[in-house]
Amino acid sequence: MTNAKYVSALRFTWLTPLYDFFVGITMPEKKIKQALINTSFLTDYATVLDFGCGTATLTIMAKEHRPSINITGIDIDKTILKNATDKIGLKKLDIRLIAYDGEKLPFLDASFDRIISCLVFHHLESPVKQKILAELYRVTKAGGQLIIADFGRSGSWFQRMLFNLIRGLDGFKPTEANAKGLMPFMISSAGFNYSGIKQRFKTVFGEVQLFKAIKL
Ligand SMILES: C[S@@+](CC[C@H](N)C(=O)[O-])C[C@H]1O[C@@H](n2cnc3c(N)ncnc32)[C@H](O)[C@@H]1O
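Counting starts from 1 at the beginning of each chain's written sequence and moves along it residue by residue. Given that this is a predicted model, residues contribute local features only at a pLDDT of at least 70 and side-chain atom pairs are listed and counted only at 80 or more, while totals for whole chains, interfaces and linings are drawn from all residues.

Colleague: So what's going on with the overall build of the chain? Residues and values would help.
Modeller: A count of helical and extended segments in the chain gives 8 helices and 7 strands. Using C-alpha atoms as the atom set, the radius of gyration is obtained and then compared with a globule rule of 2.2 Å times the number of residues to the power 0.38. The C-alpha radius of gyration computed for the chain amounts to 16 Å, which stays within 12% of the reference 17 Å derived for 216 residues, consistent with globular compactness. Based on the C-alpha atoms only, the size of the chain along its principal axes is roughly 45 × 40 × 35 Å. The exposure label follows from counting other C-beta atoms within 10 Å of a residue's C-beta, where the C-beta atoms are placed from the backbone and the thresholds are 20 or more for buried and 12 or fewer for exposed, leaving partly exposed in between. In the chain, which comprises 216 residues, the proportion classed as buried is 43%. When contacts within the chain are restricted to residue pairs at least 6 apart in sequence, those whose partners lie at least 24 apart make up 72%. Secondary structure elements follow DSSP: runs of H or I no shorter than four residues count as helices, runs of E no shorter than two count as strands, and numbering proceeds from the N terminus. Contacts here follow a simple rule: the backbone-placed C-beta atoms of the two residues must lie within 7 Å.

If you want it as structure tokens, here you go:
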């Protein structure tokens, strides 16, 4: 049962069926997700979690990139997971999807070699970001990696200005830490060994950054 409040993919649940179309025409979506996958160096038979998988575009791309991986997508929104289930069904891929309540992740400690996540953290208010990062740390194996693609503070004033469009849509509180460039600090605070922003993408909604960290 989902009790926690959350910001859905396009803010309003009735817009969820349009998510793939909207992101596909407004963002360099495939480029960002492919870069995230490349940065993750997925090895054969790795256990992988796609946190906030949404319609499972990234989950599917990762599975197609390295078919032997054991990948799970998790999301708080059951409606969007229905779209994900349909997409995975059409491709006949072996991907596990889980709906959860936004609290404790339903996995044992040290379950995953890789945690990947795309455009989810700007939906989470700072205390929730911190709580989820701590949970992601718990379920990552020693030597495992966390790779997040999300909005960050850009060096370009124009990109910072564009990010206000997303801030208006998804809310000023959930996007605050992203706008202030606090993602690296939060990732480190959760216990990860933060290894930097690996790539930056200028978009019509502000700069998306690829954050990478390791659990030592
Ligand atoms: C902008 S969408 C991104 C979806 C997908 N990762 C992608 O890149 O296409 C943000 C996703 O985060 C999910 N989400 C929001 N709050 C969440 C939470 N507390 N736990 C897990 N997922 C959450 C939403 O349901 C939505 O699917």
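Colleague: Tell me about unusual backbone geometry, and please be specific about residues and values.
Modeller: Positioned with a positive phi, Ala56 is a non-glycine residue whose angle comes to about 70 degrees. Tracing the chain through its elements places Ala56 in the loop between β1 (47-51) and α3 (57-65). Phi at Leu119 is positive, roughly 60 degrees, even though this residue is not glycine. Tracing the chain through its elements places Leu119 in the loop between β4 (112-118) and α5 (126-139).

Colleague: I'd like a description of the sheet that holds strand β5 (residues 140-151), backed by residues and values.
Modeller: Pairing between strands is defined by DSSP: at least two bridges between the two strands are required. Pairing is mixed across the open sheet formed by 7 strands, whose spatial order is β3-β2-β1-β4-β5-β7-β6. Edge positions in the open sheet fall to β3 (96-99) and β6 (193-203), since each of these has one partner strand only. Each adjacent strand pair in this sheet contributes to an overall mean axis angle of 15 degrees, direction not counted. Taken together, the 7 bridges between β5 and strand β7 (residues 206-214) define a ladder with antiparallel strand orientation. Each bridged residue has a counterpart across the sheet, and for Ile147 the counterpart in β7 is Lys212. In this analysis, axes come from line fits to C-alpha atoms, helices being fitted only over the stretch in contact, and the angle between any two N-to-C directions falls in the range 0 to 180 degrees. Most of the contacts of helix α4 (residues 78-91) go to β3, to which it runs at about 170 degrees, and overall it touches β2 (70-75) and β3. Sitting on the sheet, helix α6 (residues 157-170) touches β5, β6 and β7, and the angle it makes with β7 is about 90 degrees.

Colleague: Go over the pairing of β3, please, and point to the residues and values.
Modeller: Pairing between β2 and β3: 4 bridges, direction parallel. Across the sheet, Thr72 pairs through a bridge with Arg96, a residue of β3.

Colleague: Kindly report on the environment of Glu176, identifying the contributing residues and their values.
Modeller: Here Glu176 is to be found in helix α7 (residues 172-179). A tally of 15 C-beta atoms within 10 Å means that Glu176 is categorised as partly exposed. C-alpha separation for the pair Glu176 and Ser126, spaced 50 residues apart in sequence, amounts to 7.7 Å.

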